[in-house]
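Fold and contact review
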There are 6 protein chains.
Amino acid sequence: MPYVNIRITREGVTEDQKRALIKGATDLLVDVLNKNPATTIVTIDEVEFENWGIGGLPAEEYRAKIKAEKAAAEAAAKG
Amino acid sequence: MPYVNIRITREGVTEDQKRALIKGATDLLVDVLNKNPATTIVTIDEVEFENWGIGGLPAEEYRAKIKAEKAAAEAAAKG
Amino acid sequence: MPYVNIRITREGVTEDQKRALIKGATDLLVDVLNKNPATTIVTIDEVEFENWGIGGLPAEEYRAKIKAEKAAAEAAAKG
Amino acid sequence: MPYVNIRITREGVTEDQKRALIKGATDLLVDVLNKNPATTIVTIDEVEFENWGIGGLPAEEYRAKIKAEKAAAEAAAKG
Amino acid sequence: MPYVNIRITREGVTEDQKRALIKGATDLLVDVLNKNPATTIVTIDEVEFENWGIGGLPAEEYRAKIKAEKAAAEAAAKG
Amino acid sequence: MPYVNIRITREGVTEDQKRALIKGATDLLVDVLNKNPATTIVTIDEVEFENWGIGGLPAEEYRAKIKAEKAAAEAAAKG
């Protein structure tokens, strides 16, 4: 009777992908701990980009920053 | 000062039902543990059907499967 | 198939009280939303006092502060 | 690599305020515990008013009740 | 940068099983949603038996009840 | 009346640090959103190292791996 909560950013996850997450998480608990799938609950929380922070920034800004840093590093490496 | 989080599938829960859940959960903490209602927080998370899994399936498919199994069992019993 | 999480301070809650919380929360979901108890999960998290904050203070300090304020107010009222 | 979840009522929180919450929570973990911001996740859950309870009532009713009590107390004091 | 929380009853889960849960949940997010494992956090909460309820009962009592019902059904079937 | 949950690895966080986290998180909600501290709850969950995963590994192994990679990179750079 486990409970699994998966939190991700909301960005067009399809029903099939959700089905795969639910099946995969349930199988994991069955395989590793021999849990009963009938009482294994999985919930997926899709969180708006502006409500998800990492590196002290909203997710979208963080991704843009990382991308810019990579581009700058590659430019510097090329010299 | 307890915190109670109730997670359910989103399926037309009315404001009155939510009021009943909030009152019921708060009363429970007051009755059983003598908690102060003024600092008891209750939140209700309504989760989309496709984001709720049980038995390794999205909730709606799981319910359909259980219903089909029951129907088959009843048909077999009638024989 | 709801999931209820009850978070309280750890302060000697007995097994009977936990049983009452589990039963009460499950009954609430059955009564208000007609949920199936067999797939209703309730978890109780007991949180150490020093890990629980309210009013910007650890719980114990907050309680002491409120108690002191009350005593002062009563003393003032008596004049 | 901490995880911080901030749950508030949904009432027009702006993107700038969310950015401030994300930055503030991340800085807090960096300042107090020397955590790495690059693996510090902050999520903000905005909960509908009718899904948030305090004092045994939905948030809006609770606020109205507190306001009414204050007004009555002030009227009595002026009395 | 997903966050996965796995809640199970505390009953002797080994370090290797925990490692398998962490790896499995992370791989799932990578495989299904192409997430970056470096910012995927997985936490495992082990909940005491008496703090976990299902079917309106603490987990251990529930299991005993289900087992007794099964035994009774089998005895009846043997007739 | 916000609720803030801070999840960190259990590694000797002191009472003073917890007090600072509680105060800091509460102040943040007061400063950014003008919330009432008296009904702002902050909980701190300390999670065992072996129950915290990142990069698909338990936290301690992940840290060791990152450290080894850094050392190797530095050795190569000096090389």
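Residues numbered from 1 in each chain as written. Chains lettered and ligands numbered in written order. Predicted model: local features only at pLDDT ≥ 70, side-chain atom pairs only at ≥ 80, totals over all residues. Heavy atoms only, no water.

An unreviewed UniProt entry lists chain A under the name Tautomerase, with Stappia albiluteola given as the organism. UniProt, in the comment section headed Sequence similarities (unreviewed entry), describes chain A in these words: "Belongs to the 4-oxalocrotonate tautomerase family." (UniProt positions renumbered as here; feature names shortened; annotations may be inferred.)

1. Quick look at the overall build of chain A
Summing up its helical and strand segments, chain A has two helices and four strands in all. In sequence order, the secondary structure elements of chain A are arranged as β-α-β-β-β-α. A compact globule built from 79 residues would reach a C-alpha radius of gyration of about 12 Å, whereas chain A, at 18 Å, exceeds it by more than 25%. Taking the principal axes of its C-alpha atoms as reference, chain A extends roughly 60 × 25 × 25 Å. Looking at the 79 residues of chain A, the share that counts as buried comes to 48%. Summed over all atoms, the accessible surface of chain A reaches about 3,700 Å², with 53% contributed by carbon and sulfur. Here chain A contributes 11 positively and 13 negatively charged side chains, and the mean placements of these two sets differ by 3 Å. (Helix = DSSP H or I, 4+ residues; strand = E, 2+ residues; numbered from the N terminus. Rg over C-alpha atoms; globule rule 2.2 N^0.38 Å. Buried < 20%, exposed > 50% of the residue type's maximum accessible area, 1.4 Å probe, protein only. Areas by Shrake-Rupley, 256 points an atom, 1.4 Å probe, with all protein chains shown as cover. Lys, Arg positive; Asp, Glu negative; His and termini not counted. Charge placed at Lys NZ, Arg CZ, Asp CG, Glu CD.)

2. Observations regarding the interface of chain B and chain F
Taken residue by residue, the interface counts six residues in chain B and six residues in chain F. The contact between chain B and chain F buries some 390 Å² in all, and 80% of this surface belongs to carbon and sulfur atoms. It is Tyr-3, Thr-39 and Ile-41 of chain B in chain B that bury the most area against chain F; as a group they hold 82% of the surface buried on that side. Counting across the chain B and chain F interface gives zero salt bridges. In this assembly, chain B and chain F are joined by zero residue pairs in polar contact (both at pLDDT 80 or more). Its residues placed into classes, the side of chain B that touches chain F shows five nonpolar, one polar and no charged. (Contact = heavy atoms within 4.5 Å. Buried area = accessible area lost by both parts, 1.4 Å probe. Salt bridge = Lys/Arg side-chain N within 4 Å of Asp/Glu carboxyl O. Polar contact = N/O pair within 3.5 Å; in protein donor to acceptor, adjacent residues only side chain to side chain. Nonpolar A, V, L, I, M, F, W, Y, C, P; charged D, E, K, R; others polar.)

3. Things to note about the domain arrangement of chain A
Segmenting chain A into domains produces domain 1 (1–47) and domain 2 (52–79). Domain 1 of chain A and domain 2 of chain A are separated by 30 Å when their C-alpha centres are compared. (Domains from an automatic or database assignment.)

4. Some remarks on the sheet that holds strand 2 (residues 41–47) of chain E
The eight strands are arranged 4(B)-3(B)-2(A)-1(A)-1(E)-2(E)-3(F)-4(F) in an open sheet whose pairing can be described as mixed. Every interior strand has two partners, whereas the edge strands, strand 4 (57–58) of chain B together with strand 4 (57–58) of chain F, have only one. Taken together, the two bridges between strand 3 (residues 52–54) of chain F and strand 4 of chain F define a ladder with antiparallel strand orientation. Its bridge partner being in strand 4 of chain F, Gly-53 of chain F is matched across the sheet by Pro-58 of chain F. (Pairing = 2+ DSSP bridges.)

5. Side note on the relation of the copies chain E and chain A
Mapping chain E onto chain A calls for a rotation angle of 180° and an axial translation of 0.0 Å; the resulting RMSD is 0.1 Å. Look at the turn and shift together and you get a two-fold axis relating the two. Closest to the rotation axis within chain E is the C-alpha of Asn-5 of chain E, separated from it by 2.6 Å. Comparing interface residues between copies, 100% of those in chain E also sit at the interface in chain A, which points to an isologous, same-surface contact. (Least-squares fit on C-alpha atoms with pLDDT ≥ 70 in both.)

6. Examining the interface of chain E and chain A
Many authors give the size of an interface as the accessible area that is lost as the parts come together. At the interface, 26 residues of chain E touch 26 residues of chain A. Roughly 2,200 Å² of surface becomes buried between chain E and chain A when both sides are summed, with 75% attributable to carbon and sulfur atoms. Our count for the contact surface shared by chain E and chain A stands at two salt bridges. The shortest N-O distance in the salt bridge between Glu-11 of chain A and Lys-35 of chain E comes to 3.2 Å. Here chain E and chain A share nine residue pairs in polar contact (both at pLDDT 80 or more) between them. Of all the secondary-structure elements, those providing two or more residues to the side of chain E that touches chain A are strand 1 (3–9), helix 1 (15–33), strand 3 (52–54) and helix 2 (59–78) of chain E. Partitioned by chemical class, the residues of the side of chain E that touches chain A number 17 nonpolar, five polar and four charged.

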